[in-house]
Every structure is written in C-alpha cells, then in structure tokens.
Amino acid sequence: MASLRNASPWLRNYFKENYIPQVCEVLLCGLLVTCPQDPLKFLEEMIIIIMKNGLESLLWDMCIDPSMKPKIRRLSETYLEQLFGLDDQLMTPDLMIKACTFYTGHLVKSHFSGWKDIAIPRIREEDIIAKKMEIAIKYDNLKLQKYVFYPWHSYVKSRKEQIKDVLLRIQQIFHNKKLIIILHKWRDKAIYQSKKREEELLLKHEVQLKKWRNRIRSRGAVEEIVSAEYIRPGDYFAAKITECDLTQLPERAVLQIFSNLNLKDMIIFGQVCHAWMAMIQNSTLWNHIDFSSVKHTNIDKYVVYTLQRWRLTVLRLNFRGCPLRLKALRFVSLCKNLQELNVSDCSTLTDESMKHISECCPGILYLNLSYTAITNRTMRLLPRHFHNLQHLSLAYCRKFTDKGLRYLNLGHGCHKLIYLDLSGCTQISVQGFRNIANSCTGIMHLIINDMPTLTDNCLKALVEHCLRITSVVFIGSPHISDLAFKVLSKCNLRKIRFEGNKRITDSCFKHIDKHYPNISHIYMANCKGITDSSLKSLSPLKQLSVLNLANCIRIGDMGLKQFLDGPSSTKLRELNLSNCIQVGDASILRLAERCPNLNYLSLRNCEQLTDSGVEYILNIYSLISLDLSGTNISNKGLSTLSRHKKLKELSLSECYEFTNYGIQVFCKVSQILEQLDVSYCTQLSDEFITTLSIYCLNLTFLSIAGCTQITDSAVEVLSAKCHYLHILDISGCSLLTDDIFEFLQMGCQQLRILKMEDCSLISREAAMKMSSIVQMEYNPTGTSAWSSYDDKGKHVTDSSGGGR
C-alpha cells in the first residue's frame, strides 16, 4: 500500500471501498512492470474505463502500454468469413460478440488467475511463519526426545532381556539341581536294586549249584529233580519237568518237531511206541533224507529199506561221504520224483552207478558230484538225461577232461544250468572253458576255487557266450589280474569274491560304478594291491551291502572316509576290516555317522583302535556282531561297550588289556549275548565263567581256547546254567580233566561240537566215549592248527582273518 500513497484521493477511496489492499498492490506491481513511465496515471485511466463500461470491457492487453503492445492486427469479420467460408446468415454480429466475449473471458480466467496466484503475497505471513516456527519447535523437541529416548529404550530393553536371561538361568539351575537330586536318588535306588538283584541271583545260583552237585553225587535221573517254585526257562536243573503228550499237539507242530531229527533219531523215535511210530509215517517227513548222519554205520541196510519204503515221496537225498556199495546206489534209481542228489565225497561212486541213476531219475535239478572219481562217461550222461539240471558241482573231480565238457552240448544240452562249481579242476584248459561257454550259456553263479591254472584267457573264453553271470568266486587263483575285471564287465555282476590275489590292483575298481552298477557283495580279502584309491572308486555304488577287505593292509582312514561319504554307506550291512592295521578311531566315528544299517563289523587286529573308538561303536545302533580280536580294548572299553543293547556276538580273542572285571561288567548287562570268543585271553579265570553263566543264559557258542586258568569248576558252573550251548572250544585249557564230560552230558544236552586239542589231562578213553555223543576234535599233546566252526557247526578255515 506504500505505492498507493501518491495516488489521487478519490482513487485511494475507491480501492478502499471496492478492492482489498492486496489486490491494489498486485495491480500496481503489474503496472510498474508494463508501464514504467507513469503507472499511477495509467491506472487511473484504466479504472475510469472499468467504472464506465464494467468488467466486460476489460481486455487482456489493457494494462500494457500501447508502445509495448505487439504489432498484430485484429482479425476482422471479413477475414473470418474468408477463412471459414461463413455466410451472413450463419455469422451474425451477435454471435461474433458472444464468441469474442467468451474467448476474452476464458483468457482472463486462465492467465489472470495464474498471474494472481504468483503475484499475490501470502496472507498473514507472520501467522504462517509463527505456525511454521511452532511446527519446527515441536519437530525439534520430538527429535530431541527421540535422541534421548532411543538409547534409554535400548538400555531398558537390554536390561529386561538380561533380567529375563538371569531368571531363565536361575530356573534352569533350579531345574537341573532338582533333576540332579532326582537322578541321585534314582541312581542310589537303581544301584540298590541292582545289588539286591545280583545278591538274589548269586544266592539262587549257589542254591542251584548245590542242587546240581547233589545231583552229580547221587547220579539220579533228571526227572527226579523237582522245584516247588517257578523257575525261568534258563534254569534247567531247577525247573519242574512236566510230561508232554505229543499226540495232543497239532499235526503241523508235530511235523515241525520231527523234521529237525536226523535219520538215526527218527528210527529210534519210531520204536518208542505205536503212537510215535504212526507220527513218523507221515510222508512229508521223508521228502528229505540225509544218510550222511549214519555214514559211520552199516549204511547199506538203511538205504535199501528206506528207499524201498519211501521211494515215491523222496525229493532230496544226501549221501555226502557215505561208503555206498553199487547195489545200494542202484536203489536210488527207484526214486522217480527225485530232485536233489548229493553224492559228494562218495569214494565208491562210479560211472556205472551214475548211468543207473540218470536213466531212472530224469527230474534231478541239483546234482553234487564233488570229490568223486567220475570221468567223461558221466559227463556224456548229463545232457542226455538231466534236461532240467540247474545246479551242478564238479569240485575236485579231476578225471574228466576238456572233451568231457564238450559233451555237455549233446542232446538237449545243459542250457538250463545256472550254478556251476569247478573248484580244484586244474585239468581244465582254455578250450575246456570255451566248451562250457558253448554248452551252458545260462550260467549265473560261477565258483572256481583252488585253481592255480586259471588265467584271464580262461575267463575271456567263458564270458564270450555266458553273459548272464551275476556272481563269481575265485579263491586261490593267483593268476587272475585286472584284465579279468575288464572281461567280466560284459556281465551284470552282483557278487565278486577274490582272496589271496596279488595281481589285482586299484585299476580293477577304476570304473566299477559304470561297469557293475548293481553290485551288492564285494569280497577282496588278502589282496595286497588294493589301496585307498579303490575305496574312493567304490563310493558311488548305490546297492553295495557287503564289503570284505580283510588283510588289505594298505587301506587307511582316508580311504574309508572317502568311501563312507558316498551313497553306498547307507545300505552297508557287513564290513570286514580285519588286519587293516592303518584303520583307527577316525574311521569308527565316520562309520557311526554314515552306516545306520550296519549289522556285522570286524576290526580284528586293528591295533590303532582305542577305547575312544569303542565309544563311537555305541552309535551304530543296528550292530549285532562285533569282532575286536587282537585290539587294545581295556576294561574301560568293555564297560562302555556294555551300553550297547543289541550285541549278540562278540569276539575278543588275543586281547590282553582287559581283566575279569571288564568282561564281568559286560556280561552283567548283555543278557542277550549268544556267541562269545575270548580265546587266548590268558588273564581270565573261573570268576569270569561264573558271571557269564549267571547272566548269559542264551549262550550258544563259547571259545575259551588257550585260557590256561580255567578249571573243572568253571565247566561245572557253565554246564549247570548254559543249557543252549551248541559249540564249545576248550583247546589249550591244560587244567581240565575227565570230570568235565559228566558235567557236559548232564547240563549241555544240546552240545553238538566240542573242541579240546592240547588238553593233556584229558584221557583218550574218556574223549572217545564222549565222541559218540558229540562231534569232537581231540589231540591231547598235538600242536596242529586249530580251526573253527561256524554257527551251524560246519567246519571252516577262515583265510580272511575275519569271521565272515
């Protein structure tokens, strides 16, 4: 308004009455820009025009000095008519006026309103600034509060968390203390109950042992010993014997009982009574007849009578090791339905006998001719008469030649043969194997053991036509090399077994995952050329379940780690690392992590294994059989191993670091133990046998060979408690006498095999008397190599250093 002070009085009054001061200020500012000569005078003139004609006469360029207006002529009506071609009727003066008025008004609204918004200053600028200051102060205060509040909030929050953690820790300490008190009370109670149970068992054992000794002295019958109280099934001598009438049992149960009897026992049982005689007349009991159990008697009469009586029902015959005469062998031809025939080790078997059998028994599927004197004449009979033959064993038959093998292609041939055993047949040459390949193209299982003449060329000739082979066994064939693996890659092998071969190296396993993707069993025992590189090559195999690397001394922890990191570890069920002296605790830790299905583990003579490694074995929950023979396991390791609840078989042969205490702690917990080998543990005494007899009532196999401190008292206690014992090895126990036979006969009536070599105090007469009851190995002063038996009583010689 300072610029209006120089205006005329009537103009100032007009603006005060009709316009607000701000509008006047805006107009004056605009005039100062457009009319710099005399803006107030020009404003007065413009106002006079507006007062006379109204706002309708206001033009957009009215405020512009005429000298500054653009030199543009106004578009006349005639120009519009020429441009748009309008005639007089359409373009009237009224319409032109309206159009110009609308156009002028539109320009005023659009330009003047925008100019006004820019030029008019803010209303009440002081109030706006005050409000902004107020907002700024509030914002500054809020920012200051945040600056102070955030650290305080973080501090409070951290303190709360600290207090919460402290409270939680106090609660945990309280809870742990409470648990410790409860566990201490539970442990004290458990120890008390355990001691009480142990005292009861010891007292019961003493009472039972006293009864046992009274029974030995009185020489009374077993049926006279009766106990009024109930005794568990394991307490044989204290249990009450009740009569059982077999005729009241179901027929299926009776057949199951009698099917477990051998031929001699079957005949004896038939003489007990008429009812039992009627029971053994069931034809299903005579489907399988084993004459090998009576081979030491006059067997011919058994053969003649039995085959005449049951010739139509017999399906399987076993004459293993029987010295049969030609007449008795001819009665085999009466069995028209015969399917399996085992005449192995029959020294009297001739080609003539086989002629009678082959002509009358064409349905034979299984034929075992091992250790016989057959010649090419018998080989000529096989394809002519045994058209369905599937299983053939010619092991150690050395009188037939390559020509005899060529006869297998005569007639219908032996094209259905799937199993062939040529072990020990050193007379077979490359041509002989070529004849086999031409005749028996369907062979799936091939066994060639103890054959030093076997070479890679022999296998090459065989595999040319026999492409269905799935399992091979080459034990004692030192001339087989890596080339044999390359040749066998044409077959879909699933089982491979090599033992004692020095020519096999890591090269044979280089591409095993591509050549044998379905292989599940690998036995490479005593192959010195195998190293950690082989284990790395085996790791991709997805179906591998059994791996035997016994005596492969170049294998160590690094190779096992690479193998166990592969997919094969999850399906592994058996692992034999016997005599792998470089294997230590690191491998056992990896086994526990990667092998959840491992059932059998042999670490025999792994000298680097310590008690810490034994602790890792606890994490192999599926483990059933464990061999730690020749290791440094101590009492601590056995105490740790006792926490494994599934072990049924344990071998601790030649372990000298533990004592009676360690094995006693293990036996007290392992009540399901069935097989135990502590041979050559010279530090053990009768005390260990007593604990074993009290707690391990299900024991079936025990080897205490070489335990020189064992006496007759230990065998007495063992016989009084362990009534399920099948195999007992007491070789080298020099303190045992003839009295043990009386104990074993009365207590261990299921004993089948007894080994007692180098027992100088046992007389030959007593041993011979005992041999009529059980199978025995007796040599009072000999130093022959002590062999072993498997869990079925079969004599085996283990060259792999492990149990399997």
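This report concerns the structure included in the present document.

The rules behind each value
Residues numbered from 1 in each chain as written. Predicted model: local features only at pLDDT ≥ 70, side-chain atom pairs only at ≥ 80, totals over all residues. Heavy atoms only, no water. Patch = residues over 30% accessible without salt bridge, like charges linked within 9 Å, V, L, I, M, F, W, Y side chains within 5 Å. Areas by Shrake-Rupley, 256 points an atom, 1.4 Å probe, with all protein chains shown as cover. Salt bridge = Lys/Arg side-chain N within 4 Å of Asp/Glu carboxyl O. Helix = DSSP H or I, 4+ residues; strand = E, 2+ residues; numbered from the N terminus. Buried < 20%, exposed > 50% of the residue type's maximum accessible area, 1.4 Å probe, protein only. Axes fitted to C-alpha atoms, helices over the stretch in contact; angles between N-to-C directions. Parallel < 35°, antiparallel > 145°, perpendicular 65-115°, else oblique. Contact = heavy atoms within 4.5 Å. Nonpolar A, V, L, I, M, F, W, Y, C, P; charged D, E, K, R; others polar. Polar contact = N/O pair within 3.5 Å; in protein donor to acceptor, adjacent residues only side chain to side chain. Core = buried A, V, L, I, M, F, W, Y, C linked by side-chain atoms within 4.5 Å. Phe/Tyr/Trp six-rings, centres within 6.5 Å; stacked < 30°, edge-to-face > 60°. Disulfide = S-S within 2.5 Å. Arc of directions from axis to C-beta.

**Comments concerning a nonpolar patch on the surface**
Taken together, the side chains of I163, V166, L167 and I170 present a nonpolar region at the surface, about 360 Å² in accessible area. If you trace the backbone, L167 turns up in helix α6 (residues 125-218). Residue L167 is classed as partly exposed on the basis of its relative accessible area of 48%.

**What about unusual backbone geometry?**
Its identity is not glycine, yet N526 carries a phi of approximately 60°, on the positive side. Tracing the chain through its elements places N526 in the loop between β10 (521-525) and α19 (532-538). Overall, N526 belongs to the partly exposed group, its relative accessible area being 25%.

**Quick look at the packing of helix α25 (residues 686-695) against helix α26 (residues 712-721)**
Closest axis-to-axis distance for the α25/α26 pair is 9 Å, and the angle between their directions is 5°. If you check the angle between α25 and α26, you find them roughly parallel. Residues D686, I689, T690, S693 and I694 of α25 form the contact with α26, whose own contacting residues are S713, A714, V717, L718 and K721. Looking at the contact of α25 with α26, its residues break down into five nonpolar, three polar and two charged.

**Some points on helix α16 (residues 456-463)**
Of all eight residues in α16, six are buried, a share of seventy percent or more. Packing partners of the buried residues in α16 comprise α15 (430-439), β7 (445-447), β8 (471-475) and α17 (482-488).

**Observations regarding the side chain of S471**
Considering the arrangement of structural elements, one finds S471 in strand β8. The class for S471 is buried, based on a relative accessible area of 11%. At a separation of 2.7 Å, a polar atom in the side chain of S471 contacts the side chain of H445. If near-sequence neighbours (up to four positions away) are discounted, S471 is found in contact with M444, H445, L446, L493 and K495.

**Here we look at the nonpolar core**
Membership of the largest hydrophobic core comes to 169 residues, with the highest contact counts inside it found for L317, F319 and L754. For L754, the residues in contact, after removing those within four places along its chain, are L728, I730, F741, L744, M770, V774, Q775, M776 and E777. Of all hydrophobic cores here, the second largest spans seven residues; its members include W212, I216, A720 and M746.

**A look at the pattern of salt bridges**
All told, the structure shown has eight salt bridges when counted by the stated rule. With its nearest N and O atoms 3.7 Å apart, the salt bridge here joins E134 to K138. With E134 and K138 both in helix α6 and four residues apart, the pair spans about one turn of that helix. A relative accessible area of 43% means that E134 is categorised as partly exposed. Taking relative accessible area as the criterion, K138 reaches 54% and is therefore assigned exposed. Across the pair R377 and E352 runs a salt bridge whose closest N-O atoms are separated by 3.7 Å. Taken together, the residues R377 in helix α13 (residues 376-385) and E352 in helix α12 (residues 351-360) connect sequence positions 25 residues apart. Each of K561, D565, R590 and E593 takes part in one network of salt bridges that share partners.

**Brief notes about the side chain of D686**
Tracing the backbone through its elements, the reader meets D686 in helix α25. When near neighbours in sequence (up to four residues on either side) are disregarded, D686 contacts Q709, I710, T711, S713 and A714.

**Some words on the packing of aromatic side chains**
Inspection of the entire model under this criterion finds eight aromatic pairs. Between F149 and W152 the ring centres are 5.5 Å apart and the planes differ by 40°, which places this aromatic pair in the tilted class. Of this pair, F149 and W152 are both found in helix α6, three residues apart, which corresponds to roughly one turn of the helix. Both rings, one in F474 and one in F498, keep their centres 5.3 Å apart while their planes meet at 65°; by these two values the pair is edge-to-face.

**Comments concerning the state of the cysteines**
Counted according to the given criterion, the structure contains zero disulfides. Note on C733: no disulfide assigned, nearest cysteine sulfur contributed by C707 at a separation of 5.8 Å. Given a relative accessible area of 0%, C733 falls into the buried group.

**Here's the deal with helix α20 (residues 557-564)**
Of the residues making up α20, those classed as buried are G559, L560, F563 and L564. Projected down its long axis, α20 shows its buried positions confined to an angular sector of 130°, all on one face. In this structure, the buried residues of α20 make contact with α19, β11 (546-548) and α21 (585-594).

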